[in-house]
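Listed here are the chains, written in short residue letters.
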Amino acid sequence: MVQLYNLHPFGSQRVVPCRQEPAHFCCGRDVLFVASAAGSCRVEAFAVREQGRCEPLGAFATLGPVRRMAHSRAGDYLVTIEEKGKATFLRAYMNWRCMSAGSSRVCVRMVGHKMEESYRETLKEQMSIVEMPLSDPPLCISCCPVSGDLLVGCKNKLVMFCLKYVVINQNLTVLDFEHSLILHIDNLIPAEVAFCARHIAITTELDVLILKLELVQQSADRTERCAHRGSALEKPVDAGVKDEGPSTHALQLELDEFIICQKPVELLGEESERCEIPVTLESTELPTEHTERFQVRYLLFRRFTPDQSPFGFCEETKLHSLQLLPVYQRGSSGTAQEEAENKRELLSLFCFFSLPHAGYLYSVGKSVELISTYQYSEKSEQAVLTPQFLHVITSESLQCFTVRCSAAAARDEDPYIDTTVKACPPVALDVCTLRMQLFIGPRAICHFKNHIILLTKADTEDITERRKPARRMLPRKTDSIKSRTNSESEPGWNLYIINTVSTIQLYREMVDYSRTYENVKTESCIHLLSEAHLLVRAAIMEPSFLQPDEKEELLRAFRESCAFLGDCYSRFDTKDYHLALPYYRMSGLSMAEVLKRIVSEGDEVQTYERGFIFYLTHSLNEDLNEELTKESANKVLQIFCLADPVQLPHILCSPCMRNVCPLTAVKYLQQVEKMMPSVVLTLTKASMALKMGDLMMYEHEMDSYKETILACGFIGQPKLLRQHKDGVVVPTEFAVRLKETQPGLLVAATVALHENSKMELEEADTFFKMLCSDSENTVPQLLVDFWEALLVVCSQEEILQQLLLRVISQYVWRISKRQLPETKPLKTTEDLINSCNHFGLIFPWVTSIMSVGSPSDKDYHEDISKLQSLLCGPSVDVAAVLPALEPLVGSAGVGSAGVGSAGLAVRVLCCSRRGQHGAAAEQLLQSCPRAAVLYAQHELSGDTRTVWWNKLLPELCKRTRLAGNDCPALISSLKETLSVVAVELELRDFLSLLPEDGTAAFFLPHLLHCSQKQLLT
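Residues numbered from 1 in each chain as written. Predicted model: local features only at pLDDT ≥ 70, side-chain atom pairs only at ≥ 80, totals over all residues. Heavy atoms only, no water.

Participant: How should I be thinking about the packing of helix 26 (residues 878-889) against helix 27 (residues 900-913) in this particular structure?
Facilitator: In a pair of packed helices, the angle between the axes and the distance between the axes together describe the arrangement. Two elements in contact, helix 26 and helix 27, have axes whose closest approach is 10 Å; the angle formed by their N-to-C orientations is 155 degrees. If you check the angle between helix 26 and helix 27, you find them roughly antiparallel. Here helix 26 runs over helix 27; the crossing is left-handed. Contacts from Val 878, Leu 882, Leu 885, Leu 888 and Val 889 of helix 26 reach helix 27 at Gly 903, Val 906, Arg 907, Cys 910 and Arg 913. The residue inventory of the contact of helix 26 with helix 27, partitioned by class, reads seven nonpolar, one polar and two charged. (Axes fitted to C-alpha atoms, helices over the stretch in contact; angles between N-to-C directions. Helix = DSSP H or I, 4+ residues; strand = E, 2+ residues; numbered from the N terminus. Parallel < 35°, antiparallel > 145°, perpendicular 65-115°, else oblique. Left-handed = near helix turned anticlockwise from the far one by under 90°. Contact = heavy atoms within 4.5 Å. Nonpolar A, V, L, I, M, F, W, Y, C, P; charged D, E, K, R; others polar.)

Participant: Just checking my understanding: could you explain the sheet that holds strand 22 (residues 293-303) for this structure?
Facilitator: Where strands meet in a sheet, backbone hydrogen bonds hold them as pairs that are either parallel or antiparallel. The strand order across the open sheet formed by five strands is 16-17-18-22-20, and the pairing between neighbours is antiparallel. Lying at the two open borders of the sheet, with one neighbouring strand each, are strand 16 (192-196) and strand 20 (265-268). Looking at each pair of strands side by side, their axes are set apart by 20 degrees on average, direction ignored. (Pairing = 2+ DSSP bridges.)

Participant: Sorry, what's going on with the packing of helix 17 (residues 733-741) against helix 18 (residues 743-755) here?
Facilitator: Contact geometry for helix 17 and helix 18: axes closest at 6 Å, N-to-C directions at 125 degrees. Relative to helix 18, helix 17 is oriented oblique. Facing helix 17, whose interface residues are Ala 735, Leu 738, Lys 739 and Thr 741, helix 18 presents Pro 743, Leu 745 and Leu 746. Per-class residue counts for the contact of helix 17 with helix 18 are five nonpolar, one polar and one charged.

Participant: Whenever I open this one, a nonpolar patch on the surface confuses me. Can you help?
Facilitator: A cluster of nonpolar residues, Val 646, Met 675 and Met 676, forms a patch on the protein surface that exposes about 280 Å² of accessible area. Mapping Met 676 onto the fold places it in the loop between helix 13 (662-675) and helix 14 (679-692). On the basis of relative accessibility, which here comes to 35%, the residue Met 676 falls in the partly exposed class. (Patch = residues over 30% accessible without salt bridge, like charges linked within 9 Å, V, L, I, M, F, W, Y side chains within 5 Å. Areas by Shrake-Rupley, 256 points an atom, 1.4 Å probe, with all protein chains shown as cover. Salt bridge = Lys/Arg side-chain N within 4 Å of Asp/Glu carboxyl O. Buried < 20%, exposed > 50% of the residue type's maximum accessible area, 1.4 Å probe, protein only.)

Participant: What is the right way to read unusual backbone geometry from this model?
Facilitator: Most peptide bonds take the trans form, and the phi angle of most residues other than glycine is negative. Not every positive phi belongs to a glycine, and Asn 95 is a case in point at roughly 50 degrees. Tracing the sequence through the fold places Asn 95 in the loop between strand 9 (87-94) and strand 10 (106-110). For Arg 818, which is not glycine, the phi dihedral falls at a positive 55 degrees. Here Arg 818 lies in the loop between helix 21 (797-816) and helix 22 (829-835).

Participant: Explain the environment of Ser 380 to me, please; I cannot follow it from the model alone.
Facilitator: Position of Ser 380 relative to the elements: it lies in strand 27 (residues 380-385). A polar contact of 3.0 Å, which involves the side chain of Ser 380, links it to the side chain of His 320. (Polar contact = N/O pair within 3.5 Å; in protein donor to acceptor, adjacent residues only side chain to side chain.)

Participant: Looking at this structure, I do not really get the pairing of strand 9. What am I missing?
Facilitator: If a strand is regular, its side chains alternate between the two faces of the sheet. Here strand 8 (residues 77-84) pairs with strand 9 via seven bridges, running antiparallel. Residue Lys 84 lies in a different strand from strand 9, and its bridge partner there is Ala 87. Judged from the four bridges that link them, strand 9 and strand 11 (residues 127-131) form a sheet pairing that is antiparallel. When the sheet's bridge partners are listed, Ala 92 is paired in strand 11 with Val 130.

Participant: Please clarify how the nonpolar core should be interpreted in this entry.
Facilitator: A general tendency of soluble globular proteins is for nonpolar side chains to be buried together. Core analysis: the biggest nonpolar cluster contains 116 residues, and Phe 734, Phe 786, Leu 867 and Leu 885 have the highest contact counts within it. Sequence-distant contacts of Leu 885, defined by excluding residues within four places in its chain, comprise Ile 808, Val 812, Leu 867, Leu 871, Val 906 and Cys 910. Counting residues in hydrophobic clusters, the runner-up holds 50 residues, among them Leu 158, Ile 202, Leu 206 and Val 265. (Core = buried A, V, L, I, M, F, W, Y, C linked by side-chain atoms within 4.5 Å.)

Participant: Please clarify how helix 26 should be interpreted in this entry.
Facilitator: An α-helix turns once every 3.6 residues. As a result, residues three or four positions apart point the same way. With 12 residues, helix 26 ought to run about 16 Å at 1.5 Å a step, yet its terminal C-alpha atoms sit only 12 Å apart, falling short of that. Within helix 26, burial applies to Val 878, Val 881, Ala 884, Leu 885, Leu 888 and Val 889. Taken end-on, helix 26 shows its buried residues confined to a sector of 155 degrees, consistent with a single buried face. Residues of helix 26 that are buried sit in contact with helix 21, helix 25 (861-872) and helix 27. (Expected span 1.5 Å × (residues − 1). Arc of directions from axis to C-beta.)

Participant: What's the story with the side chain of Ser 654 in this structure? I'm lost.
Facilitator: Along the chain, Ser 654 turns up in the loop between helix 12 (648-652) and helix 13. A polar contact is formed between the side chain of Ser 654 and the backbone oxygen of Leu 620, at a distance of 2.6 Å. Not counting residues up to four positions away in its chain, the partners in contact with Ser 654 are Leu 620, Glu 622 and Gln 723.

Participant: Hey, could you run me through the pattern of salt bridges in this one?
Facilitator: When charged atoms on two side chains of opposite charge get close, those side chains can pair. Summed over the entire model, instances satisfying the criterion amount to 33 salt bridges. Two residues, Arg 303 and Asp 207, come together in a salt bridge whose shortest N-O distance is 3.5 Å. With Arg 303 in strand 22 and Asp 207 in strand 18 (residues 207-216), the pair connects residues that are 96 residues apart, well separated along the chain. Since its relative accessible area comes to 6%, Arg 303 is described here as buried. A relative accessible area of 18% places Asp 207 in the buried class. When the shortest N-O distance is used, the salt bridge between Arg 597 and Asp 567 registers 2.5 Å. Note that Arg 597 is positioned in helix 9 (residues 591-598) and Asp 567 in helix 7 (residues 548-571), a separation of 30 residues in sequence. The partly exposed category is assigned to Arg 597, whose relative accessible area is 29%. Look at Asp 567 and you get buried, because its relative accessible area is 5%. Each of Asp 30, Asp 76 and Arg 97 takes part in salt bridges that share partners, so that together they form one network.

Participant: I'm lost on the sheet that holds strand 2 (residues 10-15) in this one. Help?
Facilitator: Reading across the sheet, the four strands line up as 2-33-32-31 and stay open at both edges, with antiparallel pairing between neighbours. In this open sheet, the two strands that pair with only one neighbour each are strand 2 and strand 31 (442-448). With strand direction ignored, the average angle separating the axes of adjacent strands in the sheet is 25 degrees. In the sheet, strand 32 (residues 451-457) pairs with strand 33 (residues 493-500) via seven bridges, with the strands oriented antiparallel. Residue pairing for strand 33: Leu 454 is matched across the bridge by Tyr 496.

Participant: Would you mind going over the pairing of strand 34 (residues 722-725) with me for this structure?
Facilitator: In this sheet, strand 35 (residues 728-731) lies alongside strand 34 in antiparallel orientation, the contact comprising four bridges. Looking at the pairing, Lys 725 lines up with Val 728 of strand 35. Between strand 34 and strand 35, which pair antiparallel one after the other, the connecting turn spans two residues, and Asp 726 there sits at a positive phi close to 55 degrees.

Participant: I tried to follow the side chain of Asp 863 on my own but got confused; where do I start?
Facilitator: As for its position among the elements, Asp 863 is in helix 25. With a relative accessible area of 6%, Asp 863 lands in the buried category. Only 3.1 Å separates the side chain of Asp 863 from the side chain of Arg 814, close enough to count as a polar contact. Residues in contact with Asp 863, not counting those within four places in the same chain, are Tyr 811, Arg 814, Ile 815 and Pro 821.

Participant: Sorry, what's going on with the packing of aromatic side chains here?
Facilitator: Using the criterion set out here, one finds 23 aromatic pairs in the structure. Taken together, a centroid distance of 5.9 Å and an interplanar angle of 85 degrees make the contact between Tyr 577 and Phe 614 edge-to-face. Here Phe 614 lies in helix 10 (residues 610-621) and Tyr 577 lies in the loop between helix 7 and helix 8 (580-587), a separation of 37 residues in the sequence. For the ring pair Phe 767 and Phe 768, a centre distance of 5.2 Å and an interplane angle of 75 degrees mean the geometry is edge-to-face. Note on Phe 768: relative accessible area 0%, which makes it buried. Aromatic rings pair up to connect Phe 304, Phe 353, Tyr 360 and Tyr 362 into one cluster. Geometry around Tyr 360 places Arg 302 over its ring, the cationic atom sitting 4.4 Å from the centre. One cation-aromatic arrangement involves Lys 667 over Tyr 668; the distance from NZ or CZ to the ring centre is 5.4 Å. (Phe/Tyr/Trp six-rings, centres within 6.5 Å; stacked < 30°, edge-to-face > 60°. Lys NZ or Arg CZ within 6 Å of the ring centre and 35° of its normal.)

Function cannot be read off these values alone, since they describe shape.
Written out as structure tokens, the structure is:
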């Protein structure tokens, strides 16, 4: 549905001072080219100044009448199709600007010929005409705005010429072309072609085909063609009737009486390969190692069918106004040199084509889709697409439609569009007609910056009679009406330059116009403001045409349009109410400013729509640095109490509400509690009580639920415990109170937040350090309590290993530095062993080591036992935590740590966990022999039992011999070892292990035991 608004996009108009009637015209950069009608072989050039003023730059002769012409922005050349006699010529006019400087020198050359001789230094100020011979007459042309390459349409093929910059000498560079590629297309006579960034669009009378040339990796000597053939579509309607009649010749005569129309088809993307138009590529440039090879990818195929429309006979249903419109990345330079070097980065690409009664706009960049369909009120003659508008001429008017190019390009440019961060009117938004300006006999149109060039020509015949549509069924071929041709120059023509008004002026008019619908038609108001927003957005996306002050004014208008759209979605009851949030965000308005726009002053009761509540809820739930005044905060409370009372506890926890009156807040909370009590509400009331200094009320609220329920309540609103300010975690007054009175609840709540993904581990570290007023380099005991509590419930392996490393590092640091915790730990070693499977029972041999420890170890018994329990547990990766254990383990082995029996126990535990039982036994024998046998009994099993007789027995014999009777612990350990070895080994092996100078009475009982075991066996 197209909406019609009577706006004023057209400003002043001027007449181009042409000497003769124009036949064709086109624009390039700041110049208008006009080719005279038949009988005069010349092209006039006019400089287009501000306000559409035209100044003649000069004229140059052509070989014959110009049938088609186009200008390339890249390379600044003009290309024409000219006729002379019965021959058709393709010519490119290079360096034509020197003609306006008074130079009359002209150089005519063939494409690809060497230019050193003809381009001497003395002749560089001359126009160059490049003739490009073709085997078939050229029918249509198009220049790529990105690279300057030229595409020529001929019967059954397209020919591509690449623009080249040829350096003659240090001071002279000239342009030339290289005949590089031919696209052979069977059974196709192109009516129009469009070429942009390797995208090719072709139209016949009723077919549209869009292709893309893609680079492929091929060897340099491969010059074979790359063909793409699709499966056939539905057969023509006459294919199925050939065998049904008695005579094929008679049927053919009968079929000649009708127009055979194929079924309309639309194929997008990969499906378009099924069209029946095969394309074959032929490379015509000399192959080198740098030669680019292409393959064809089909993007779109659409076939229309003639229909009986209100605009005339079906034979008049022909496609026209094919155009590819590129949109570039913002920041891309628009200078001529960079364009020539193909440095502009394409963001989006759009294709437009039109029938007499309807126009179609497709996006063919990252995806292929139909964006808009335009229905005309009368038969169209020609149309031109711009980033902001679609201008269409009919027999008596110039019409201006809105377009959706900027909406589609915005989504290609910014992935955050259509989120809560940013928004843009939808691509599917209905297009509208901004203006229908009456003109007498519009014939042709083109566009240049903010100018429209329009050719009008009055017709001498009865216009009223000519416009009456003749309603007939599909006509016979023999009755087809020939279009009127008149080679004579008729009076009454004019070539106008129409200035479109500035974007800001039209934007202001749209905004003013939207106010007429503000209280009547909600959708129309939003629609018109969306059009205004897209108009400004499109202008911003074309920075090369803007002055710095214009760009700043456009940015202000953009933010203002976002604010207006935010107001609409806040005030109106629409299904897209959620868009109020991103539009207000893009407007740059603060929450206080939005409140002033929406909330009326005074105490009268006001209703608030969903969009406004959605905006407030999301804004208040974010960590914004804005603080509302006491009056604004109280007003917000009143709004939510009326519109969404369930959100009140969450709203009060927002940093923006710091200045709220706590007494007023409690009053509202009590009202909500009567209807919907909750743990979060109770905690919020306790927080407000602290703010008022009412400790009795605080304690009453905290006693309403058990601690486990209260801990879970903080999951519903983490901001009760912590908030963010300038990106830094800040504990609340509530958290400080819990630290002093209920540290266990605080730790349990923080663990619940972490396990429910409401607080990261690093964030919790910062929280407890800030809470305990410690520096970043020290770890408070409350943080260690949190780590220990988190170990109990943590199930993520990665986080588990981090926690184990952190608690072990802290235990080791306090043991080695003789540092006691500043507060009593919440859990003892026994508590952790009973509740957490990562803490294991301490081994007996470890207990034996610690029983003979130094008195200083007893001061740090809790940290030592927790560390030993973790190393005795199943979860610690000793290799990973070994650097943290270094202060206790030391690097030189025995006695290097100087921390008593605790260090010995840790060193032996590390050796044992890594399977180094021999080293562990040696350390025990040296420092604590009484624990050696206990270690062996606990740790040595299976293959490791050989340590008994290979390591432990020889070492004990050796050390006992040296110590004599002065070390009863060694003698006791040796007897235990002999008892075990006597059971494990055969008599001969056992005897071989005994020392030759040993006392027989000492070893004899063990030998007897071994021999008796063998006899029993």
